[in-house]
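Spelled out, the chains give:
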Amino acid sequence: MPERKQRGAFIVIEGLDRSGKSTQVSLLEKRCKDAGLPVRLVKFPDRTTPIGKLIDSYLRSDSEMDDHAIHLLFSANRWELAPSIIESLNAGTTVICDRYAFSGIAFSAAKNKPTMSYEWCRAPDIYLPAPDITLFLDVSPEKARERGGYGAERYENAEMQERVEHVFERIGVEIGDGSRWFAVDADREKEAVAEELWERVQPYVKGTEKPLQRLWEDLDERVRNSHLYI
Ligand code: Z5A
Ligand code: MG
């Protein structure tokens, strides 16, 4: 059994449609297992929970929902799994996550509604467990098309994907300090992408001693320090 450090690492894979997230998350899981490392996969949206079922129905266009309400449901879907993610990490298990809060902001802010600013979209996810590293799979529209094109679900069209990409760019700049967010060229063969991801996660897969951080906790700190709240 490899030596374990204090807790498992939280690794998030993000990206546009057809960038190969689910493919890469499975390959990463297999490599961890082959190396004898405890690992758990999580996917958002998790369509199996009662909240996830509402989201699934919305994405398939089987139901309609107010844009604010569906945004909050996506976030609630993460909050309902957060305690079990923290539990796994504390038990020394690496958690690999297929999409996370960054997708939540990107897809909702891309709707360009005046009442759904970037900041508004980010707010419900403040204080979720923060990933130790996020790997953003960067795919060109041409490659996405080659991979069978976009599917039939809501948001799966070129115009929306382009707007989503711009929001992801902003998130990357905001999060990115050169160590927590990496853009990875996902136009390449699956194996080449998998190799780079495996290299990127090396500092994390054996566990980490760093305390688990919370998403954008520093922003909330600033709000509290402004004495708006007692
Ligand atoms: N959404 C939201 O609005 N708010 C939120 O908070 C969250 C999500 C969390 C559903 O997500 C929608 O929910 C999504 C965002 C929104 N809407 N859109 N658009 P989802 O994760 O359930 O969607 P998905 O259908 O599982 O993922 P995907 O993005 O379409 O695909 P992917 O996981 O990135 O790709 P893949 O399934 O691994 O690969 C696609 C195909 O390409 C497949 O045939 C592979 O064999 C092939 N492939 C993969 N990699 C390669 C390479 N490197 N070369 C060639 N072919 C490849
Ligand atoms: Mg997928």
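Predicted, not measured: the structure shown is a model, and the values here were computed from it.

**Regarding the sheet that holds strand E1 (residues 10-15)**
With respect to topology, 5 strands assemble into an open sheet ordered E2-E3-E1-E4-E5, the strand pairing being parallel. Two strands lie at the open edges of the sheet, namely strand E2 (39-43) and strand E5 (181-185), each paired on one side alone. Averaged over all pairs of adjacent strands, the angle between strand axes in this sheet comes to 20°, irrespective of strand direction. Together, E1, E2, strand E3 (94-98) and strand E4 (133-138) form the strand contacts of helix H1 (residues 21-34), whose direction differs from that of E3 by roughly 165°. Lying on the sheet, helix H4 (residues 101-109) is in contact with E1, E4 and E5; it crosses E1 at an angle near 25°.

**Considering helix H3 (residues 67-90)**
Under the 1.5 Å per step criterion, the end-to-end length of H3 is 35 Å for 24 residues, consistent within 8% with the ideal 34 Å. Alanine 82 marks where H3 bends most, by close to 40°; the proline proline 83 follows one to four residues later. Two to three positions downstream of the cap, the backbone nitrogen of histidine 68 sits 2.8 Å from a side-chain oxygen, assigning the N-cap of H3 to aspartate 66. Glycine 92 lies just past H3 and shows a positive phi near 90°.

**Focus on the state of the cysteines**
Summed over the entire model, instances satisfying the criterion amount to 0 disulfides. In this structure cysteine 32 is a free cysteine whose sulfur lies 14 Å from that of cysteine 97, the closest cysteine sulfur available. Assessed through its relative accessible area of 0%, cysteine 32 is described here as buried. Of the cysteine sulfurs around cysteine 121, a residue in no disulfide, the closest is that of cysteine 97, at 19 Å. Judged by relative accessible area, which is 0%, cysteine 121 ranks as buried.

**Looking at the site of ligand 1**
Among the 26 residues in the neighbourhood of ligand 1, the closest are listed as Asp17, Arg18, Lys21, Thr23 and Arg99. Contact distances for ligand 1 include 3.3 Å between an oxygen atom and a backbone N or O atom of glycine 104. With respect to ligand 1, the side chain of glutamine 161 contributes an N or O atom lying 3.1 Å from a nitrogen atom. Protein chains bury 83% of the 1100 Å² of accessible surface belonging to ligand 1 in isolation. When atom positions are compared with the pocket grids, ligand 1 is found to occupy the largest pocket.

**Some details on the packing of H1 against helix H8 (residues 190-205)**
Working note: a packed helix pair is described by the angle between its axes plus the distance between those axes. For the pair H1 and H8, interaxial distance at closest approach is 10 Å and the crossing angle is 55°. Relative to H8, H1 is oriented oblique. Pair H1 / H8 crosses with right-handed handedness. Between H1 and H8, the residues in contact are Thr23, Gln24, Leu27, Leu28, Arg31 and Cys32 and Lys190, Val193, Ala194, Glu195, Leu197, Trp198, Val201 and Val205, respectively. Looking at the contact of H1 with H8 residue by residue, the classes come out as 9 nonpolar, 2 polar and 3 charged.

**Observations regarding the packing of aromatic side chains**
Within a pair of aromatic rings, the relevant descriptors are the distance that separates the centres and the angle that separates the planes. Considering all chains together, one arrives at 9 aromatic pairs under this definition. A ring pair is formed by phenylalanine 10 and tyrosine 100, whose centres lie 5.1 Å apart and whose planes are at 85°; its orientation type is edge-to-face. Residue phenylalanine 10 is located in strand E1, and its partner tyrosine 100 is located in the loop between E3 and H4; the two are separated by 90 residues in the primary sequence. Relative accessible area serves as the criterion here: at 0%, phenylalanine 10 is assigned to the buried category.

**Considering the packing of helix H2 (residues 50-59) against H3**
The N-to-C vectors of H2 and H3 enclose an angle of 140°; their axes lie 9 Å apart at closest approach. By the angle between their axes, H2 is oblique relative to H3. For H2 against H3, the interelement crossing comes out left-handed. Contacts between H2 and H3 involve Ile51, Gly52, Leu54, Ile55, Tyr58 and Leu59 on the former and, on the latter, Asp67, Ile70, Leu73, Phe74, Ala76, Asn77 and Glu80. When its residues are assigned to classes, the contact of H2 with H3 shows 9 nonpolar, 2 polar and 2 charged.

Scoring rules and cut-offs
- Residues numbered from 1 in each chain as written.
- Chains lettered and ligands numbered in written order.
- Predicted model: local features only at pLDDT ≥ 70, side-chain atom pairs only at ≥ 80, totals over all residues.
- Heavy atoms only, no water.
- Pairing = 2+ DSSP bridges.
- Helix = DSSP H or I, 4+ residues; strand = E, 2+ residues; numbered from the N terminus.
- Axes fitted to C-alpha atoms, helices over the stretch in contact; angles between N-to-C directions.
- Contact = heavy atoms within 4.5 Å.
- Expected span 1.5 Å × (residues − 1).
- Bend = angle between axes of the 7 residues up to and from the residue.
- Polar contact = N/O pair within 3.5 Å; in protein donor to acceptor, adjacent residues only side chain to side chain.
- Disulfide = S-S within 2.5 Å.
- Buried < 20%, exposed > 50% of the residue type's maximum accessible area, 1.4 Å probe, protein only.
- Near = heavy atom within 4 Å.
- Areas by Shrake-Rupley, 256 points an atom, 1.4 Å probe, with all protein chains shown as cover.
- 1 Å grid on protein atoms, 1.4 Å probe; cavity = no way out; pocket = protein on both sides within 12 Å on 5 of 7 lines; lining within 4 Å.
- Sits in = over half its atoms within 2 Å of the grid points.
- Parallel < 35°, antiparallel > 145°, perpendicular 65-115°, else oblique.
- Left-handed = near helix turned anticlockwise from the far one by under 90°.
- Nonpolar A, V, L, I, M, F, W, Y, C, P; charged D, E, K, R; others polar.
- Phe/Tyr/Trp six-rings, centres within 6.5 Å; stacked < 30°, edge-to-face > 60°.

Nothing here speaks to function; it is all geometry.
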